[in-house]
Amino acid sequence: MAFGWIDEQAELRRRAGLVRTLRPRPAGTPLLDLASNDYLSLARHPEVTEGAARAARTWGGGATGSRLVTGTTELHAELERELAGFCGFEAALVFSSGYAANLAAVTALAPHGSLIVSDAGNHASLIDGCRLARGTTQVVAHSDPDAVRKALGGHDGPAVAVSDTVFSVDGDAAPLAGLAEACREYGAGLVLDDAHGLGVLGDGGRGAPHAAGVAGAGDVVVTVTLSKSLGSQGGAVLGPARVIEHLVNAARTFIFDTGLAPAAAGAALAALRLLRREPARAARAGAVARELYGRLTAAGLEAVRPDAAVVSVRAPSPEQAVRWAADCRAAGLSVGCFRPPSVPDGISRLRLTARADLSGAEIERAVRVIGETRP
């Protein structure tokens, strides 16, 4: 029977407690949201939604084609200029998603004969980029510049190291200055995914590379998403102008994909401008994360100290993690639930995302619910 093996896989997932289901959410919900990635609480901000609406009225519902045909509007170019300037880079290139941006950066910058040194905790999109690239990938220990140095020292030829700046599972930050130093010793490039750093870290939310002093360097390329702190959709690659020009000519997820919808570009641009005016939003998101961590650990829960806006709480097993998240939801709290294969260490956990607009009472309520429903 065609696809008969799917039933076997479904049964294996069921036994392991790894079944995933879609849960459509209504426009309005009474749940306290600690599951989304809307770190700066901008997805529903009037200026951001009006930016999306205005762009749709002006440019239409879709980009109408790939970026190299009709999919590049003046709005895309404006967003790229302002995003590059805000983050401290020479140029930027906008993609239809952060996933597409990561695939582009890794595959286009790791040709045949090159070495890709990839952190063991990297996001799936970076891992897939490594798999699709023509270079050879070597996975090294998590957040270990010396491991990167050792890998680069054993290769003769072009090389690039690839890492998240803030890892999405536990919210820990990579040692960016150390990684940059290791790469420079061997003339290697450094590709950083700042999906969870933009809008939270750096001066006024300019990102983890900006905070580490590596933004704008000629050997550093950064990818970002527009769907987290900026409350929109899409992604971008930031870096030297010659690298961006290379991506325009060589990145398949740019050349063969329809451009980002104008509404998403308009929303992201409005959010970026709002963040420029209100830089305190970035600091507030970090402060909320630290307060969550402090209250959770004080309540006897095993949480990981956050370096940005993600707070991870360990669960005993995949099944108990699912039940824990469901019990939280029944008590009015929405939290993320990360299980294998989404976690590189095999340890299941609740994943909480801090938001800049959370009040002290809401933080206290969230900690109380998590503590009362713990397995």
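Residues numbered from 1 in each chain as written. Predicted model: local features only at pLDDT ≥ 70, side-chain atom pairs only at ≥ 80, totals over all residues. Heavy atoms only, no water.

- Per an unreviewed UniProt entry, the protein chain goes by 8-amino-7-oxononanoate synthase and derives from Streptomyces marokkonensis.

## A word on the overall build of the protein chain
Part 1 of the argument: Scanning the protein chain from N- to C-terminus turns up 14 helices and twelve strands.
Part 2 of the argument: In summary, the protein chain has a C-alpha radius of gyration of 21 Å against a globular reference of 21 Å for 375 residues, a match within 12%.
Part 3 of the argument: Across its three principal axes, the protein chain shows a C-alpha extent of roughly 55 × 55 × 50 Å.
Part 4 of the argument: Here the protein chain holds 375 residues, and 52% of them are scored as buried. (Helix = DSSP H or I, 4+ residues; strand = E, 2+ residues; numbered from the N terminus. Rg over C-alpha atoms; globule rule 2.2 N^0.38 Å. Buried < 20%, exposed > 50% of the residue type's maximum accessible area, 1.4 Å probe, protein only.)

## A short note on the UniProt feature "domain: Aminotransferase class I/classII large" (unreviewed entry) in the protein chain
Part 1 of the argument: Here the UniProt-annotated "domain: Aminotransferase class I/classII large" (unreviewed entry) positions come out as residues 30–370.
Part 2 of the argument: The span residues 30–370 carries 43% helix and 17% strand; its end-to-end C-alpha distance comes to 17 Å. (UniProt positions renumbered as here; feature names shortened; annotations may be inferred.)

## Quick look at the pattern of salt bridges
When charged atoms on two side chains of opposite charge get close, those side chains can pair.
Part 1 of the argument: Under the definition given, this model contains 19 salt bridges.
Part 2 of the argument: Salt-bridge contacts for Arg281 lead to Glu278; the nearest nitrogen and oxygen are separated by 2.7 Å.
Part 3 of the argument: One salt bridge in this structure joins Glu291 and Arg295, with 3.2 Å as the shortest N-O distance. Taken together, the residues span about one helical turn, with Glu291 and Arg295 both in helix H12 (residues 280–298) at a distance of four residues. (Salt bridge = Lys/Arg side-chain N within 4 Å of Asp/Glu carboxyl O.)

## As for the state of the cysteines
Part 1 of the argument: Under the defined criterion, the tally for this structure stands at zero disulfides.
Part 2 of the argument: Residue Cys130 stays outside any disulfide, its sulfur separated by 13 Å from that of Cys183, the closest cysteine.
Part 3 of the argument: Assessed through its relative accessible area of 6%, Cys130 is described here as buried. (Disulfide = S-S within 2.5 Å.)

## Observations regarding helix H7 (residues 176–185)
Part 1 of the argument: When H7 is considered as a whole, its buried residues turn out to be Leu176, Gly178, Leu179, Ala180, Ala182 and Cys183.
Part 2 of the argument: Here the buried face of H7 lies against helix H6 (145–153), strand S5 (159–164), strand S6 (189–193) and helix H8 (208–212).
Part 3 of the argument: Positive backbone phi, approximately 65°, marks Gly187, located one or two places after H7. (Contact = heavy atoms within 4.5 Å.)

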